[in-house]
Amino acid sequence: MTDNKEFNITEITRIRPTIEFFLGCNPVHNNVTESNVLENTLKTAVNMGFVDENGKSKIDRVFMYNPDAIGMWIYKKHREIFKPLEVITQVREDILTVFPPVTPVCFGSMYTGMKPENHGILKYEKPVLKIDTIFDFLPSTGKKAAIVCTQGDSIAEIFKGRNIDYFIYPTIDECNKQAEELINSDNHDLIVLYNGNYDYYMHRFTPEGKKSLQELRKNIDTYCKLQKLISEKWKEHKTFLAFAPDHGCHRSIFPPGNHGKYIPKDMNTVHFYSFV
Ligand SMILES: [Zn+2]
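I will try to describe carefully the structure that is included in this document. (Residues numbered from 1 in each chain as written. Predicted model: local features only at pLDDT ≥ 70, side-chain atom pairs only at ≥ 80, totals over all residues.)

For the protein, the helix and strand inventory stands at twelve helices and ten strands. Computed over its C-alpha atoms, the radius of gyration of the protein comes to 17 Å, within 12% of the 19 Å expected for a compact globule of 276 residues. In terms of its C-alpha atoms, the protein occupies a principal-axis envelope of roughly 50 × 40 × 40 Å. Out of the 276 residues in the protein, the part that is buried amounts to 50%. Considering only residue pairs separated by 6 or more positions, the protein has 69% of its internal contacts joining residues 24 or more positions apart. (Helix = DSSP H or I, 4+ residues; strand = E, 2+ residues; numbered from the N terminus. Rg over C-alpha atoms; globule rule 2.2 N^0.38 Å. Buried ≥ 20, exposed ≤ 12 C-beta atoms within 10 Å, placed from the backbone. Contact = placed C-beta atoms within 7 Å.)

Laid out in structure tokens, this is it:
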């Protein structure tokens, strides 16, 4: 499989400007923050009428579903598991994450639009970011954002202290239930939901272990359910919904699954996007 020898090209830093553009904001900030919107995603949005012919976005809701550690090679090798996701999404972006491919570094880049040397998280540590992130910028333009995350996990830690709503729980089930309630209450322009279950099992039972793949199925099922709920509850809105992991993973000796190396298995991940 040649895929395993190649690195993806599209950088994970492009998620922030894409979200901001879709929410009607100018994504140009400074010379270290990525401002280029994902082209293929934008093209699809135009074709589907979610961005008009003058390049103005009609989207007013963004839902980011962030499952942890799902690599591009897992998608290529286990296509049948991803089938329900492929059926309901309109865009696939093959994403190159940042080095080192560990959770706080990668989500740091996804939501600041900056490379690690600019956002400052260079290894597995979870300091509260002191720089401008999407969670600073959106509230400054009057937009409401919410983070739904399990206690102590990267997204819950590094984006603390912003003028946004935090829903932090001990379990993933509580998080996912809360996300459904947020869709029902329809109060936020951006919702970010983190699920670390595949990462947890992958480290213990290898990336393709039976239990790990079961958790992967759960992530895909969760996304499908969220999309269904959004299509029912947010009829008045135009929504950009994303299945957006942070990095990939590889099989190792101890622990049985790991990530953090500059190899395609760890650096390449895959995103799926829906326009609802
Ligand atoms: Zn991760």
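Having seen it, we continue.
With seven of seven residues buried, strand 2 (residues 61-67) is to be regarded as a mostly interior element. Neither face of strand 2 is left uncovered, since the one carrying Arg61, Phe63, Tyr65 and Pro67 and the one carrying Val62, Met64 and Asn66 both have all their residues buried. Across five bridges, strand 2 lies against strand 7 (residues 239-243) in parallel orientation. Bridged to Tyr65 within strand 7 is Phe243. (Pairing = 2+ DSSP bridges.)

On to the sheet that holds strand 2, then. Strand order in this open sheet of eight strands is 1-3-10-7-2-6-4-5, and the pairing throughout is mixed. The two strands at the open ends of the sheet, each matched to only one other strand, are strand 1 (10-11) and strand 5 (165-169). Two elements, strand 4 (residues 145-150) and strand 5, share five bridges in a ladder whose sense is parallel. Note on strand 5: the bridge partner recorded for Cys149 is Ile168.

Turning to the environment of Lys261, a few remarks are in order. Inspection of the secondary structure assignment puts Lys261 in the loop between strand 9 (257-258) and helix 12 (264-267). Take Lys261: there are 16 C-beta atoms within 10 Å of it, and that puts it in the partly exposed class. Taking C-alpha positions, Lys261 is 29 Å from Leu241, a pair spaced 20 residues apart along the chain.

As a further point, take unusual backbone geometry. Residue Phe99 is joined to Pro100 through a cis peptide bond whose omega torsion reads -5 degrees. Tracing the chain through its elements places Pro100 in the loop between strand 3 (91-96) and helix 5 (103-112). Its identity is not glycine, yet Ala69 carries a phi of approximately 75 degrees, on the positive side. By the element assignment, Ala69 lies in the loop between strand 2 and helix 3 (72-77). Accessibility expressed as a C-beta count within 10 Å gives 30 for Ala69, which makes it buried. Here Asp186, not a glycine, exhibits a phi torsion of approximately 50 degrees, which is positive. Residue placement: Asp186 occurs in the loop between helix 9 (172-185) and strand 6 (190-195). C-beta crowding within 10 Å serves as the criterion here: with 12 such atoms nearby, Asp186 is assigned to the exposed category.

For strand 10 (residues 268-275), a buried count of eight out of eight residues is recorded, marking the element as mostly surrounded by other parts of the structure. Of the two faces of strand 10, the one lined by Asn268, Val270, Phe272 and Ser274 and the one lined by Thr269, His271, Tyr273 and Phe275 are each fully buried. Pairing between strand 3 and strand 10: six bridges, direction antiparallel. The residue bridging Ile95 from the neighbouring strand is Thr269, located in strand 10. Pairing of strand 7 with strand 10, which is carried by four bridges, proceeds in the antiparallel orientation. Bridging from a neighbouring strand, Phe243 pairs with Phe272 of strand 10.

With that settled, the discussion passes to the packing of helix 9 against helix 11 (residues 210-233). Two numbers describe how helix 9 lies on helix 11: the axes approach to 10 Å, and their chain directions differ by 15 degrees. Taken together, helix 9 and helix 11 sit at an angle that is classed as roughly parallel. Of the two elements, helix 9 crosses helix 11, and the hand of that crossing is right-handed. Seen from helix 9, the contacting residues are Asn176, Ala179, Glu180, Ile183 and Asn184; seen from helix 11, they are Thr222, Leu226, Leu229, Ile230 and Lys233. For the contact of helix 9 with helix 11, the residue count by class is five nonpolar, three polar and two charged. (Axes fitted to C-alpha atoms, helices over the stretch in contact; angles between N-to-C directions. Parallel < 35°, antiparallel > 145°, perpendicular 65-115°, else oblique. Left-handed = near helix turned anticlockwise from the far one by under 90°. Nonpolar A, V, L, I, M, F, W, Y, C, P; charged D, E, K, R; others polar.)

For the rest of this paragraph, the subject is the environment of Pro264. Structurally, Pro264 can be placed in helix 12. Sequence separation between Pro264 and Cys106 is 158 residues, and the spatial gap between their C-alpha atoms is 15 Å.

Among the nonpolar cores identified, the biggest contains 77 residues, and Tyr65, Ile147, Val148, Val192 and Leu193 are the most heavily contacted of them. With near-sequence residues (within four places) excluded, Val148 lies in contact with Phe167, Cys175, Gln178, Ala179, Ile191, Val192 and Leu193. (Core = buried A, V, L, I, M, F, W, Y, C linked by C-beta atoms within 7 Å.)

These results come straight from atomic positions and should not be treated as a statement about function.
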